[in-house]
Amino acid sequence: IWIIARRETAATFDSPIAYIAATVFLVATGLMFFFGIDGSTDFFEARQATLRPLFDSAPWVLAVILPAVTMRLVSEEKKSGTLELLVTLPVSDLTIVLGKLIGATGFLLVALGLTLVFPALVMVVGEPDMGAIIGGYFGLLLIGITFLALGLMTSTLTENQIVAFILGLLLCVFFWTATDALIRLAFERPPSALLLLTFKNQFGAFAKGVVDLRNVVYFASVIAVAVVGSTYSLKSRNWK
């Protein structure tokens, strides 16, 4: 797993897509954080030493850029024919999937690391709650890995990277926004238990700096389902 992860991390940063995606993430989150261009309360309006505007807006950006990172993970291997070589090695399909997911997580860590400039600036002008900052970043890491797992799953379905990107984008955006909107559209008073199934509501606690084990288990379960789906998608080559 570690060998495959290192290979994928190196391959990711050998591509200009990684640098473009990281730049877009930093610029977009910065604009949303300081100026609220997505309609949310910006840092200056809040008049508080808090990173809440960042945690509210960052998942939107992650839902868009992470499928661009994962689109090549398996689809490129299929198109170039290197997947056949990879599966002949003494590794299981699950090992391949986990290695690629961990490798893509390397990009996520770098992207989140770039945003540490924001809490540094906030500390200059005030005294933010460090517990809330740590909880928020942990939540961004969890939902980021979830988006990566979903994007990886779509990458196993096709050898066309553009198709993999579009499918991954639609899947991530759907789970982040559409599920909540559809539930509220279907029910005049949505059951609280049903609302808890949506990504946005599960992430809400992290955005407030609250780390709840139930939210962690929820995202871990989604990641596990996506990993299993990716593994069976790879195994499907033996059914043809």
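Each chain carries its own residue numbering, running from 1 in the direction its sequence is written. Given that this is a predicted model, residues contribute local features only at a pLDDT of at least 70 and side-chain atom pairs are listed and counted only at 80 or more, while totals for whole chains, interfaces and linings are drawn from all residues. The side-chain figures draw on all heavy atoms in the structure; neither hydrogens nor water molecules are used.

What follows covers the overall build of the protein chain. By definition, any uninterrupted DSSP run of H or I lasting at least four residues is a helix, any uninterrupted run of E lasting at least two residues is a strand, and each is numbered from the N terminus. When helices and strands are counted, the protein chain shows 13 helices and zero strands. Overall, the protein chain shows an N-to-C arrangement of helices and strands of α-α-α-α-α-α-α-α-α-α-α-α-α. Every one of the 240 residues in the protein chain was classed for burial, and the buried ones make up 46%. In the protein chain, once contacts between residues fewer than 6 apart in sequence are set aside, the share between residues at least 24 apart is 74%. Each residue gets one of three labels from its accessible area relative to the maximum for its type: buried under 20%, exposed over 50%, partly exposed in between, using a 1.4 Å probe on protein chains only. For this analysis, residues touch if any pair of their heavy atoms sits within 4.5 Å.

Contact geometry of helix α7 (residues 93-114) with helix α9 (residues 130-155) gives a least axis separation of 10 Å together with a crossing angle of 140 degrees. Between α7 and α9, the crossing angle belongs to the class labelled oblique. The hand of the α7/α9 crossing is right-handed. Contacts between α7 and α9 pair V97, K100, L101, A104, T105, L108, L109 and L112 from the former with Y137, L140, L141, G144, I145, L148, A149 and L152 from the latter. Angles shown run from 0 to 180 degrees and are taken between the N-to-C directions of axes, each axis being a line fitted to C-alpha atoms and, for helices, limited to the stretch in contact. Angle categories are assigned with fixed cut-offs, so that under 35 degrees is roughly parallel, over 145 is roughly antiparallel, 65 to 115 is roughly perpendicular, and the rest are oblique. When the near helix sits turned anticlockwise from the far one by under a right angle, the crossing is termed left-handed; a clockwise turn instead gives a right-handed crossing.

Salt bridges are counted wherever a side-chain nitrogen of Lys or Arg sits within 4 Å of a carboxyl oxygen of Asp or Glu. Under the defined criterion, the tally for this structure stands at eight salt bridges. Residue R72 pairs with E76 through a salt bridge whose shortest N-O separation is 3.3 Å. A salt bridge links D212 to R214, with the nearest nitrogen and oxygen atoms 2.8 Å apart. In this structure R214 comes out as exposed when scored by relative accessible area, which is 64%. Put simply, R7, E8, R72, E76, E77 and K100 are held in one network by salt bridges that share partners.

Let us look at the side chain of T156. Assignment of secondary structure puts T156 in the loop between α9 and α10 (161-186). With relative accessibility at 0%, the residue T156 sits in the buried group. Apart from residues lying up to four places away in sequence, T156 is in contact with V74, K78, S230, S233 and L234.

Residue position: I223 is located in helix α13 (residues 213-235). It is 8.4 Å that separates the C-alpha atoms of I223 and F147, two residues lying 76 residues apart in sequence. When neighbours within four sequence positions are excluded, I223 is seen to be in contact with L101, L142, I145, T146 and A149.

On to the packing of aromatic side chains. Stacked, edge-to-face and tilted labels apply to pairs of Phe, Tyr and Trp rings (six-membered ring for Trp) whose centres lie within 6.5 Å, assigned for plane angles under 30 degrees, over 60, and everything in between, in that order. One pass over the full model with this rule turns up 13 aromatic pairs. Here the aromatic rings of F55 and Y137 are separated by 5.5 Å at their centres, their planes lie at 85 degrees, and the arrangement is edge-to-face. Taken together, the residues span a long stretch of sequence, with F55 in helix α4 (residues 52-70) and Y137 in helix α9 at a distance of 82 residues. Judged by relative accessible area, which is 2%, F55 ranks as buried. Consider the rings of F206 and F219, whose centres lie 6.4 Å apart with planes at 45 degrees: the pair is tilted. Pair noted here: F206 is in helix α12 (residues 199-207) and F219 is in helix α13, with a separation of 13 residues, a long-range link. The burial state of F206 is the same as that of F219; both residues are buried. A network of ring pairs unites the aromatic residues F138, F147, F174, F175, W176, F199, F203, F206, Y218 and F219 as a single cluster.

With that settled, the discussion passes to the environment of G139. Here G139 shows up in helix α9. For the pair formed by G139 and F219, sequence separation is 80 residues and the distance between their alpha carbons is 9.4 Å. Apart from residues no more than four positions distant in its own chain, G139 is found in contact with F203 and F206.

Turning next to helix α2 (residues 16-35). Helices are assigned an expected span. That span is 1.5 Å times one less than the residue count. If you check α2, its first and last C-alpha atoms are 28 Å apart, about what 20 residues at 1.5 Å a residue would give, namely 28 Å. Looking at α2, one finds that the buried residues are A18, A21, A22, F25, A28, T29, G30, M32, F33 and F34.

For the rest of this paragraph, the subject is the environment of V216. Structurally, V216 can be placed in helix α13. Along the sequence, V216 and F138 sit 78 residues apart, while their C-alpha atoms lie 9.6 Å from each other.

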